[in-house]
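The lines below spell out each chain.
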Amino acid sequence: ITSPTRPPVIWIHGSECTGCSMSLLRSEHPTLETLIFDLISLDFHETLSAGAGHQAEEALHKSVSENAGKFILVIEGAIPLANEGIFCRIAGHNFVDVVKDIGEQAGAVIAIGSCATWGGVAAMDPNPTGCVGVDEVLPDTQVIALPGCPPNPYNLLSTIIHYLTFKKMPALDDENRPKFAYGRLIHEHCERRPHFDNGRFARKFGDEGHRQGYCLYYLGCKGPVTHANCSTSQFGDAGSGCWPVGIGHPCFGCAEKGVGFNVPQFTTS
Ligand code: SF4
Ligand code: SF4
């Protein structure tokens, strides 16, 4: 991973809030600057690129043509399909066409966050812009999914470093999520699990059980049905060590399709 030729990474944004990028900015091991100056070549990122407008677009297309078949494409945000994708336009193109064009030339594609994975917040009912996840736009490509809202940046860093070290993506589950991060339920490793097993629950925010740090199941915790490593990595806000359940808020299942967000099916037909 210390190769003088750093692998090119192109990061594009669709219908999103940029929270996934913000999460990455707060990572500490490695830090973002170590990642982009020593490990990868971040050739394009709409928020982080120094250039703008035509200059940034030029850098994007230069990297795509010079690194076709080799670059890692990271996609943040959902892809609107309604009205032929008019609801998200970048540099004169509908985002759906940008994803198809660049995605088909990438060496690997990563969907970062729940929006890019299956539509997330952008696709919530009634989903007027017809947002979907990347895999629906690139059906013939294996899209590595890193859901979460925001996602844990260390899952992205670990995936990229695995790719750089072993020249292949990590083992994936049936939904193309890396098993090292999404192989277990939050509930399996939750620090409040002994309270669950012994029937000690918070029933209302601020009640005695809540103050004692008891299990949050009756406050709506979705840890028992959500696959993610938040409980083992203490992820809630990169670097803070404050994960939601740790500070008394139930998990709301942002990383599990159909749990955290009400996402209807969208069809253009
Ligand atoms: Fe924002 Fe969440 Fe979507 Fe990321 S997954 S772009 S944090 S709404
Ligand atoms: Fe499971 Fe949630 Fe209770 Fe933790 S707080 S033990 S994840 S139900």
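**Student:** Looking at this structure, how should I read the nonpolar core?
**Tutor:** Soluble globular proteins tend to pack their nonpolar side chains together in the buried interior. Counting residues in hydrophobic clusters, the biggest one holds 39 residues, and the most contacted among them are Leu35, Ile40, Val74, Ile110, Ile112, Leu156 and Val245. At the level of elements, strand S1 (8-13), helix H1 (19-25), helix H2 (32-39), strand S3 (72-76), strand S7 (108-112), strand S9 (143-146), helix H7 (153-166) and helix H8 (179-182) are the ones that each hand at least two residues to this core. Examining the composition of this core, we find that 6 residues originate from one element, H7, more than from any other. Counting contributing residues, this core receives three or more from each of domain 1 (8-181) and domain 2 (184-247).

**Student:** For this particular structure, what's the right way to read the site of ligand 1?
**Tutor:** Around ligand 1, the neighbouring residues are Glu16, Cys17, Gly19, Cys20, Glu76, Gly113, Ser114, Cys115, Gly148, Cys149 and Pro150. For the shell around ligand 1, the secondary-structure elements that each account for two or more residues are H1 and helix H5 (113-118). Tallied by class, residues from the shell around ligand 1 come to 5 nonpolar, 4 polar and 2 charged.

**Student:** Help me understand the environment of Asn127, please; the structure alone is not making it clear to me.
**Tutor:** Tracing the backbone shows Asn127 in the loop between H5 and strand S8 (131-132). Look at Asn127 and you get buried, because its relative accessible area is 4%. Taking the C-alpha atoms as reference points, Asn127 and Pro80, separated by 47 residues in sequence, lie 9.2 Å from one another. Separated by 2.8 Å, the side chain of Asn127 and the backbone nitrogen of Cys131 make a polar contact.

**Student:** Would you mind going over the domain arrangement of the protein chain with me for this structure?
**Tutor:** Bring the parts together and some accessible area is lost; that lost area is often taken as the interface size. Considered domain by domain, the protein chain is made up of domain 1 (8-181) and domain 2 (184-247). Centre-to-centre separation of domain 1 and domain 2, based on C-alpha positions: 30 Å. For the domain 1 and domain 2 pair, buried surface summed over both sides reaches about 750 Å², with 42% attributable to carbon and sulfur atoms. Of all residues in domain 1, Arg26, Asn152 and Ala181 bury the most surface against domain 2, accounting for 51% of the area lost on that side. At the junction of domain 1 with domain 2, the criterion picks out 0 salt bridges. Top element by residues in the side of domain 1 that touches domain 2 is H7. It accounts for 3 residues. Grouping the amino acids of the side of domain 1 that touches domain 2 by side-chain chemistry returns 5 nonpolar, 4 polar and 3 charged.

Each value, and the rule that gives it
- Residues numbered from 1 in each chain as written.
- Chains lettered and ligands numbered in written order.
- Predicted model: local features only at pLDDT ≥ 70, side-chain atom pairs only at ≥ 80, totals over all residues.
- Heavy atoms only, no water.
- Core = buried A, V, L, I, M, F, W, Y, C linked by side-chain atoms within 4.5 Å.
- Buried < 20%, exposed > 50% of the residue type's maximum accessible area, 1.4 Å probe, protein only.
- Helix = DSSP H or I, 4+ residues; strand = E, 2+ residues; numbered from the N terminus.
- Domains from an automatic or database assignment.
- Near = heavy atom within 4 Å.
- Nonpolar A, V, L, I, M, F, W, Y, C, P; charged D, E, K, R; others polar.
- Polar contact = N/O pair within 3.5 Å; in protein donor to acceptor, adjacent residues only side chain to side chain.
- Buried area = accessible area lost by both parts, 1.4 Å probe.
- Salt bridge = Lys/Arg side-chain N within 4 Å of Asp/Glu carboxyl O.

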